[in-house]
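# Notes for the structure review
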Amino acid sequence: TMSEAQLIGRGARYFPFVLPENNDRFRRKFDGDLEHELRVLEELHYHSINDSRYISEIRQALVEQGMMDEHEVTRQLQLKDSFKKTKFYKDGIVWLNERRPKNYQNIHSFADLGVKKRNHTHFISTGQGGATFALENGKDISVLKDETRRDIKVCDIERNIVQFAIACNPFFTFANLKRYFPHLTSIHELIESEEYLGGLEITFQGNVYSLDENRAEKLTAVSGLLVQIEAEIRSNITEYEGTREFRYDWIWKVFKDKMLKFDASNPRAKEDPQFDNFVTAKDWFAFNTIYGTDEEKAFVRMLDRQMQKLQEQYDEIYLLRNERHFAIYNFTDGRAFEPDFVLFLRDKDGDLLFYQLFIEPKGKYLGEYDRWKEKFLQKITSEFGSRLLSFQDKNYRLLGVPFYNNEDENQFRKSLESVLNQAVGRTRSCAPGE
């Protein structure tokens with residue numbers, strides 16, 4: 001039984017595929033979504049006729065290996081029937097972007113990929129002794145008897161030395177460089193152009209008097225500069241990027257009822273009748289409940305306390321829980337982000353104008369780890385808060401709000417008001433469709 005369980009385990013770990021919204025080849029995608037049609041890609045079906053004992057034993061073996069949770073529970077997440085009857089559900093849309101391979105066509109120089117125009121310092125190995133000084137704290141330091149510095153441009157170093165250093169570094173093959181610098185025409189341009197190596201200098205420090213004849217020292221220095229450049233480029237290159245063109249999709253198509261699966265010990269699986277009863281009476285909340293964190297539930301309660309104020313300026317207010325219904329993609333590196341909520345507001349005074357806000361409650365202990373998500377939300381506001389997206393006779397503004405945190409709730413309320421006020425101000429100052 002154990003050997004058969006190991007065979008099943010190897011099969012269960014086998015999921016060599018990526019999806020548009022999830023490019024992690026080494027992670028199962030649908031364990032928490034029991035009704036997703038693509039679950040078949042991660043399922044193995046075993047049959048044993050009239051042998052319940054065998055099934056029981058192999059299940060226990062899988063539990064012992066960590067391949068199967070010993071106690072699982074399912075939870076039903078449903079859209080309210082009243083919400084499904086609304087015109088917003090039937091005809092409304094949500095704006096989402098997509099992920100695509102990174103386009104480097106706008107890269108024309110090292111600087112465009114984050115290489116800083118600073119000198120690379122190279123310490124010359126002279127073989128000469130130094131002087132040692134004893135400091136008051138007992139530490140000894142060594143200093144050169146003769147310290148001199150000299151700046152030399154890379155393009156002024158002998159060509160064959162620079163070319164040899166380039167040839168020794170596999171990152172700087174011409175084919176590889178063309179991936180990230182598509183406008184680069186030759187290794188000659190790489191060496192001579194001010195936009196590439198020609199615009200960089202090396203600071204030689206130490207005994208520079210015999211540097212002109214010291215070809216080995218120059219080669220070591222150029223090689224060190226290339227390593228520095230490679231590190232800076234690698235920290236800024238990505239395989240994907242998120243599009244800045246948002247497409248629309250239908251609300252009824254994106255948001256659906258879901259059957260969720262949890263380990264019984266997962267706090268998210270805990271049923272909360274009090275919260276369920278609370279949201280049942282809220283027409284602006286689209287689902288029957290959420291299976292989420294205390295932080296997320298605190299956000300919903302906070303929004304309820306702001307609802308009277310919001311309803312003075314907006315109608316057709318709807319808050320939808322995003323339980324892996326959609327992802328948006330970071331503009332810079334294409335990382336998938338599934339914001340916990342999306343809030344729709346229709347401006348009473350606007351010409352069928354809707355505001356679509358992405359919102360993410362986040363505990364402080366996770367805030368720093370997910371800081372890129374907050375920056376992405378702020379980027380959405382800065383780039384789309386002043387733009388109108390149009391569909392049929394309706395206009396939309398896309399907004400992202402800084403993280404909600406229960407301990408700093410008032411700050412979030414100020415951020416929400418600020419984001420909306422700025423967007424409304426821009427709307428008042430420009431004609432619809434501009």
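Higher on the page you've got the structure.
Thresholds applied
- Residues numbered from 1 in each chain as written.
- Predicted model: local features only at pLDDT ≥ 70, side-chain atom pairs only at ≥ 80, totals over all residues.
- Heavy atoms only, no water.
- Pairing = 2+ DSSP bridges.
- Helix = DSSP H or I, 4+ residues; strand = E, 2+ residues; numbered from the N terminus.
- Axes fitted to C-alpha atoms, helices over the stretch in contact; angles between N-to-C directions.
- Contact = heavy atoms within 4.5 Å.
- Parallel < 35°, antiparallel > 145°, perpendicular 65-115°, else oblique.
- Left-handed = near helix turned anticlockwise from the far one by under 90°.
- Nonpolar A, V, L, I, M, F, W, Y, C, P; charged D, E, K, R; others polar.
- Salt bridge = Lys/Arg side-chain N within 4 Å of Asp/Glu carboxyl O.
- Buried < 20%, exposed > 50% of the residue type's maximum accessible area, 1.4 Å probe, protein only.
- Arc of directions from axis to C-beta.
- Core = buried A, V, L, I, M, F, W, Y, C linked by side-chain atoms within 4.5 Å.

Let us now look at the sheet that holds strand S18 (residues 394-400). Taken in spatial order, the 5 strands of this open sheet run S12-S15-S16-S18-S17, and their pairing is mixed. Taken across any chain shown, the strands that pair with only one partner, and hence form the sheet edges, are strand S12 (314-321) and strand S17 (389-391). Strand-to-strand twist in this sheet, taken as the mean axis angle between neighbours without regard to direction, amounts to 25°. As judged from the 6 bridges shared by strand S16 (residues 353-359) and S18, these two strands associate in the parallel manner. Note on S18: the bridge partner recorded for Leu-357 is Leu-399. In this fold helix H11 (residues 294-311) packs onto S12, strand S15 (341-347) and S16, with an angle of close to 175° to the strand it touches most, S12. Along the sheet, helix H13 (residues 371-384) contacts S16 and S18; its crossing angle with S18, the most-contacted strand, is approximately 140°.

Once that is clear, we can look at the sheet that holds strand S7 (residues 148-153). The sheet built from 3 strands is open, its strands ordered S4-S8-S7 with mixed pairing. Strands with a single pairing partner mark the edges of an open sheet, and in this sheet they are strand S4 (120-123) and S7. The average undirected angle you get between the axes of adjacent strands in this sheet is 25°. Most of the contacts of helix H8 (residues 215-234) go to S4, to which it runs at about 145°, and overall it touches S4 and strand S8 (201-206).

With that settled, consider the packing of helix H5 (residues 159-167) against H8. When two helices pack together, their arrangement is captured by the angle between the axes and the distance separating the axes. Where H5 contacts H8, the two axes come as close as 9 Å, and the packing angle between them is 45°. Relative to H8, the element H5 is oriented oblique. Here H5 runs over H8; the crossing is right-handed. On the side of H5, the interface is formed by Asn-160, Ile-161, Val-162, Phe-164, Ala-165 and Ile-166, while H8 contributes Arg-215, Lys-218, Leu-219, Val-222, Ser-223 and Leu-226. Residues of the contact of H5 with H8, tallied by class, amount to 8 nonpolar, 2 polar and 2 charged.

Before going further, it helps to spend a moment on the pattern of salt bridges. Inspection of every chain in the model, using the stated rule, returns 33 salt bridges. Its salt-bridge partner being Glu-192, residue Arg-159 comes within 2.4 Å of it at the nearest N-O pair. You can see Arg-159 sitting in helix H5 and its partner Glu-192 sitting in helix H7 (residues 187-192), a full 33 residues away along the chain. When its relative accessible area of 31% is taken as the criterion, Arg-159 is described as partly exposed. Given the relative accessible area of 32%, Glu-192 is considered partly exposed. In this structure, Asp-249 engages Arg-247 in a salt bridge whose closest nitrogen and oxygen atoms are separated by 3.6 Å.

Looking now at the environment of Glu-241. By the element assignment, Glu-241 lies in strand S9 (residues 240-242). By relative accessible area, Glu-241 is classed as buried at 8%. Through-space distance from the C-alpha of Glu-241 to that of Asn-330 is 6.7 Å; in sequence the pair is 89 residues apart. If we skip the residues at most four places from it in the chain, Glu-241 touches Glu-98, Arg-99, Arg-100, Pro-101, Lys-102, Asn-103, Asn-330, Phe-331, Thr-332, Asp-333 and Gly-334.

Now for unusual backbone geometry. The phi angle at Arg-324 is positive, at roughly 60°, despite the residue not being glycine. Take Arg-324: it is sitting in the loop between S12 and strand S13 (328-329). The backbone of Gln-392 sits at a positive phi, close to 55°, despite the residue not being glycine. For Gln-392, a relative accessible area of 62% puts it in the exposed group.

Listed as buried for H5 are Ile-161, Val-162, Ala-165 and Ile-166. Projected down its long axis, H5 carries its buried residues within an arc of 135°, all on one side. Residues of H5 that are buried make contact with H7 and H8.

Phe-299, Val-300, Leu-320, Tyr-355 and Leu-357 are the most contacted members of the largest nonpolar core, which has 73 residues in total. By residue number, the principal contributor to this core is H11, which donates 7 residues. Dropping the residues within four chain positions of it, Val-300 is found in contact with Phe-275, Phe-278, Val-279, Trp-284, Phe-285, Ile-290, Leu-319 and Phe-341. Listed in part, the 35 residues of the second largest apolar core include Phe-172, Phe-181, Ala-221 and Leu-226.

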